[in-house]
Amino acid sequence: MGSSKHRHIVSLAIAISFACADAAAAMKTVVVISIDGLGAHLLATSKAPNIKALGENAPLAETVFPAQTIPAHVSMLTGVSPDRHAMLENEHSDKLSKVTLPTIFDLVHAKGLRTAAVLGKEKLKYVFDDGSIDEIYMTEWPLLGDWVSRTESFVYEATVRLLKKKPQPNLLFVHFALVDTMGHAFKWGSLIQRWSVQKIDSAVSRIMKSIEKNLEPGTYAVILTSDHGGHDGSHGQTADGKLIDRENDQLIPWIIHGAKLKKNLNVVRVFDTAPTVAALLGLAVPSEWRWEGRSVVEAPVSESK
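Since we're looking at a predicted model, the values are computed, not measured.

Per the secondary structure count, the protein includes 13 helices and 11 strands. The buried share of the protein, reckoned over its 305 residues, is 57%.

Here's what the structure looks like:
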């Protein structure tokens, strides 16, 4: 981690005594599932009964601009917009670098809680693997690269292995890449892409069954969302907005299971995800981090505390 990030993390020592505003309201585990490329329109037109029935969906949820994997996931996990984190590069190249701002992984890890991630794309590991994630599952093969990790079976199986471990992670981030891969290859909304949504829907169902089997009822919450949607064969690939189609590129699902959305909530931004995770786990975000997002749920009372 860079020195500036170290300074941010040190500030947790001051905030730690205020970490749990109400200890009884803190969850033990939060699972964040990000389905890369799953725009709200694509979900609405696909057969995905398990995802649609998972929990309460935000009335409107938006990702950031540019609507791309790296900028959006960095916003999702740092609680700030691309204007703040300035990570606009999306391809794995010399221009891609580690996140320098503190992330939700840093917050959870500094509290002494466990973090884990299952990643469908190698470039996410490059961006976020900075020591605050205790375990990362991501496979790279010669010539094939991260193609194995992009399959829904790899993600599901790795997630189940983590859920069976003792102790389980307090924050588990799960990333599916298949929908995005099929969108670029066959266009958004194509038959094969909608088939990939069905495959991931089944994987999400299996993950939920594993969560219910391995975690104590009332002690966990699940957030399911996405980084972006898409149209034709791409999504917001140019900084001048040439390929941006707001309805198809920027509107995304944001679904919560195990907690309730706040009343009179009009819109959820993708960078509200990290602050919401913090609230569910009962962790205060240091004010000097200046996160732009806010918690969008009413933190439930855990039955085990």
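Let's pick the thread back up.
Okay, unusual backbone geometry next. With omega at 5°, the peptide bond leading from Phe65 into Pro66 counts as cis. Locating Pro66 in the fold gives a position in the loop between strand S3 (61-62) and helix H5 (69-78). In this structure, the amide linkage connecting Lys166 to the following residue, Pro167, adopts the cis form with an omega of -5°. Tracing the chain through its elements places Pro167 in the loop between helix H9 (152-164) and strand S6 (171-176). For Lys187, which is not glycine, the phi dihedral falls at a positive 85°. Mapped onto the elements of the fold, Lys187 is located in the loop between helix H10 (178-186) and helix H11 (191-214).

Using the criterion set out here, one finds three aromatic pairs in the structure. Relative to Phe173, the ring of Phe105 has its centre 6.2 Å away and its plane inclined at 85°; by these criteria the two rings are edge-to-face. Taken together, the residues Phe105 in helix H7 (residues 104-110) and Phe173 in strand S6 connect sequence positions 68 residues apart. On the accessibility criterion, Phe173 (2% relative accessible area) is buried. Judged by centre distance (5.6 Å) and plane angle (45°), the rings of Trp289 and Trp291 are tilted. With relative accessibility at 1%, the residue Trp289 sits in the buried group. Taking relative accessible area as the criterion, Trp291 reaches 13% and is therefore assigned buried. In this structure, Arg206 is placed above the aromatic ring of Tyr156, and the distance from its NZ or CZ to the ring centre is 4.6 Å.

It is worth spelling out the pairing of strand S8 (residues 254-257) at this point. As paired strands, strand S2 (residues 56-57) and S8 are joined by two bridges and run antiparallel to one another. Bridge pairing in S8 places Asn57 opposite Ile255. Note: strand S7 (residues 220-225) against S8, four bridges, orientation antiparallel. Paired with Leu224 across the bridge in S8 is Ile255.

The topology assignment puts Asp201 in helix H11. The buried charged residue Asp201 lacks any salt bridge partner; its closest oppositely charged side chain belongs to Lys52, at an N-O distance of 8.1 Å. Apart from residues no more than four positions distant in its own chain, Asp201 is found in contact with Lys47, Ala48, Pro49, Asn50 and Ile51.

Attention shifts here to the sheet that holds S6. One open sheet holds the seven strands; their spatial order is S2-S8-S7-S1-S6-S4-S5, and the pairing between them is mixed. Only two strands of the sheet have a single partner each, and these edge strands are S2 and strand S5 (135-137). Here H5 sits on the sheet in contact with strand S1 (29-35), S6 and S7, set at roughly 165° to S6. The strands that H9 touches are strand S4 (115-118), S5 and S6; relative to S6, the one it contacts most, it runs at about 170°.

Turning next to the pattern of salt bridges. Enumeration according to the criterion identifies nine salt bridges in this entry. Glu135 serves as the salt-bridge partner of Arg114, at 3.4 Å between the closest nitrogen and oxygen. Of the two residues, Arg114 is situated in the loop between H7 and S4 and Glu135 in strand S5; the sequence distance between them amounts to 21 residues. Between Lys199 and Glu152 there is a salt bridge whose closest N-O contact spans 3.6 Å. A residue pair is termed long-range when its members are at least 10 positions apart, and Lys199 in helix H11 and Glu152 in helix H9 qualify at 47 residues. The exposure class of Lys199 is partly exposed, given its relative accessible area of 31%. What emerges from the salt-bridge pattern is a single network uniting Asp36, Lys121 and Asp180.

This brings us to the packing of H10 against H11. Across the interface, H10 lies against H11 with an axial gap of 8 Å and an inter-helix angle of 175°. Here H11 runs roughly antiparallel to H10, going by the angle between their axes. In this structure, H10 contributes Leu178, Val179, Met182, Gly183 and Phe186 to the contact, and H11 contributes Ile192, Gln193, Ser196, Val197, Lys199 and Ile200. Split by residue class, the contact of H10 with H11 holds seven nonpolar, three polar and one charged.

Conventions adopted
- Residues numbered from 1 in each chain as written.
- Predicted model: local features only at pLDDT ≥ 70, side-chain atom pairs only at ≥ 80, totals over all residues.
- Heavy atoms only, no water.
- Helix = DSSP H or I, 4+ residues; strand = E, 2+ residues; numbered from the N terminus.
- Buried < 20%, exposed > 50% of the residue type's maximum accessible area, 1.4 Å probe, protein only.
- Phe/Tyr/Trp six-rings, centres within 6.5 Å; stacked < 30°, edge-to-face > 60°.
- Lys NZ or Arg CZ within 6 Å of the ring centre and 35° of its normal.
- Pairing = 2+ DSSP bridges.
- Lys, Arg positive; Asp, Glu negative; His and termini not counted.
- Salt bridge = Lys/Arg side-chain N within 4 Å of Asp/Glu carboxyl O.
- Contact = heavy atoms within 4.5 Å.
- Axes fitted to C-alpha atoms, helices over the stretch in contact; angles between N-to-C directions.
- Parallel < 35°, antiparallel > 145°, perpendicular 65-115°, else oblique.
- Nonpolar A, V, L, I, M, F, W, Y, C, P; charged D, E, K, R; others polar.

The values are spatial; any link to function lies outside them.
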